[in-house]
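A closer look at the structure
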Amino acid sequence: MTLRPILIHPDPRLKKTCDPVVSVDAEIRKLADDMLATMYDAPGVGLAAPQIGVLQRVFVMDCVKEENAAPQPMVMINPEITWSSEETNTYEEGCLSIPDQYAEVTRPKLVRMKWLSVDGKIMEEEFDGLWATCAQHELDHLDGKLFIDYLGPMKRKMITSKMQKLKRERARAPKSDGII
């Protein structure tokens, strides 16, 4: 497993719609392994392929937060929401591509998703709580949407300005943290 650099907003690759995965092969399985390693290292609960510069419809997540609980890594290839509840939840969301910035986002409380596993099998599951929020957040990445796109224009512009400043500061510093 290789840790991959995480792109920082604004980056044009984060605003692109990703291509479907044509074949679940060794290359995709390696990508998934690298994404999980990168997500855990960051640390985060989700990571989408475009966040590491790969414009394919793949994301990983693991929303287990309890101290001694076993991890539950999930890899979703070509995911889609097949149903969502009318009831909503509001969570304070963050993003590995927008470090140290958080904002409340309202999304459906429950979602049912269908995707391909790393074995190429069709999977379907219903998610709620943090799992539902994370799945929707990561799916947004595959469609070129960031959580700040749900915010008002002033707040979005303020966060974007902070990220531009962060990128300038990091450009002056030696590269060692795996973040671009």
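See above for the structure.
To start, this report covers the structure provided alongside it. In this text, all values refer to a predicted model and were calculated from it rather than measured experimentally.

Focus: the sheet that holds strand 2 (residues 58-61)
Read from one edge of the open sheet, five strands run 1-2-3-6-7, paired in antiparallel fashion. The open sheet has two free edges, formed respectively by strand 1 (46-48) and strand 7 (122-128), since each of these has just one partner strand. Strand-to-strand twist in this sheet, taken as the mean axis angle between neighbours without regard to direction, amounts to 40°. Inspection of the sheet shows strand 3 (residues 74-84) paired to strand 6 (residues 110-116) by five bridges, in the antiparallel sense. Directly across from glutamate 80, in strand 6, lies its bridge partner lysine 114.

Details of the pairing of strand 4 (residues 88-95)
Strand direction decides the pairing type here: strand 4 and strand 5 (residues 98-108), joined by seven bridges, are antiparallel. Counted as the bridge partner of glutamate 93 is alanine 103 from strand 5. Taking the residues that link successive antiparallel strands as the turn, the strand 4-strand 5 hairpin has two residues.

A closer look at the pattern of salt bridges
Applying the stated criterion across every chain yields a total of nine salt bridges. The partner of arginine 57 in a salt bridge is aspartate 143, with the nearest N and O atoms 3.0 Å apart. Separated by 86 residues along the polypeptide, arginine 57 in the loop between strand 1 and strand 2 and aspartate 143 in the loop between helix 2 (129-142) and helix 3 (153-172) bring together distant segments of the chain. By relative accessible area, aspartate 143 is classed as partly exposed at 38%. Notably, a salt bridge pairs lysine 165 with glutamate 169, separated by 4.0 Å at the nearest N-O pair. Taken together, the positions of lysine 165 and glutamate 169, both in helix 3 and four residues apart, correspond to about one turn of that helix. Three or more residues joined by partner-sharing salt bridges are found here, namely Arg4, Lys30 and Asp34.

Thresholds, definitions, all that
- Residues numbered from 1 in each chain as written.
- Predicted model: local features only at pLDDT ≥ 70, side-chain atom pairs only at ≥ 80, totals over all residues.
- Heavy atoms only, no water.
- Pairing = 2+ DSSP bridges.
- Helix = DSSP H or I, 4+ residues; strand = E, 2+ residues; numbered from the N terminus.
- Axes fitted to C-alpha atoms, helices over the stretch in contact; angles between N-to-C directions.
- Salt bridge = Lys/Arg side-chain N within 4 Å of Asp/Glu carboxyl O.
- Buried < 20%, exposed > 50% of the residue type's maximum accessible area, 1.4 Å probe, protein only.

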